Amino acid sequence: MKPLLLLPLSFLTACAATVAATPALPEGPARIGETVRVDGPTVRPLAIVEDSRCPVDVACIWAGRLVIRAEIGTGRGKQEMVLTLGEPVPVADGMLTLRDATPVTRHGQPLKPGDYRFTFAFAGGF
């Protein structure tokens, strides 16, 4: 009788070790090529499509915009999407927003793709 009780216990221990070994995705700001979890979906910024935001040290008539291409992962798989700063887009059962991007440019100091950090928000999943 004793060997039967030990077998299930050792099996559960092995399963727990396997689950704990899976690395968790970060939830903070993402760089180009880095995947983050955003309250359910995953987001991996791939490229800057447009950054016409007004430099912080210049007075502009038009504020400009920031547009990126990103890979979005859900339970249904992955797809590439174009995200514009501040504009929610439908993803799975909610809305995904590119909420913030840092740093902001200064006049005459262009940013390199590796300088950017993107923050996302997901509303939904009810």
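Residues numbered from 1 in each chain as written. Predicted model: local features only at pLDDT ≥ 70, side-chain atom pairs only at ≥ 80, totals over all residues. Heavy atoms only, no water.

Caption draft 1: Fine view of the side chain of Thr84. Looking at the secondary structure, you find Thr84 in strand E4 (residues 77-84). The contact partners of Thr84, leaving out residues within four places of it in the chain, are Arg65, Leu66, Val67 and Leu98. (Helix = DSSP H or I, 4+ residues; strand = E, 2+ residues; numbered from the N terminus. Contact = heavy atoms within 4.5 Å.)

Caption draft 2: How the structure looks around the packing of aromatic side chains. The tally for this structure, following the rule as stated, stands at one aromatic pair. Relative to Phe118, the ring of Tyr116 has its centre 5.7 Å away and its plane inclined at 5°; by these criteria the two rings are stacked. An identical accessibility class is assigned to Tyr116 and Phe118; each is buried. (Phe/Tyr/Trp six-rings, centres within 6.5 Å; stacked < 30°, edge-to-face > 60°. Buried < 20%, exposed > 50% of the residue type's maximum accessible area, 1.4 Å probe, protein only.)

Caption draft 3: Spotlight on the nonpolar core. One finds Ile68, Ile72, Leu83, Leu96, Phe118 and Phe120 to be the most contacted residues of the largest nonpolar core, which totals 19 residues. The set of elements that each furnish at least two residues to this core consists of strand E3 (66-74), E4, strand E5 (89-91), strand E6 (94-102) and strand E7 (117-124). Top element by residues in this core is E3. It accounts for four residues. With residues up to four places along the chain from it excluded, the contact list for Ile72 reads Pro41, Thr42, Val43, Gly77, Lys78, Gln79, Met81, Leu83, Val91 and Leu96. (Core = buried A, V, L, I, M, F, W, Y, C linked by side-chain atoms within 4.5 Å.)

Keep in mind these values describe shape, not function.
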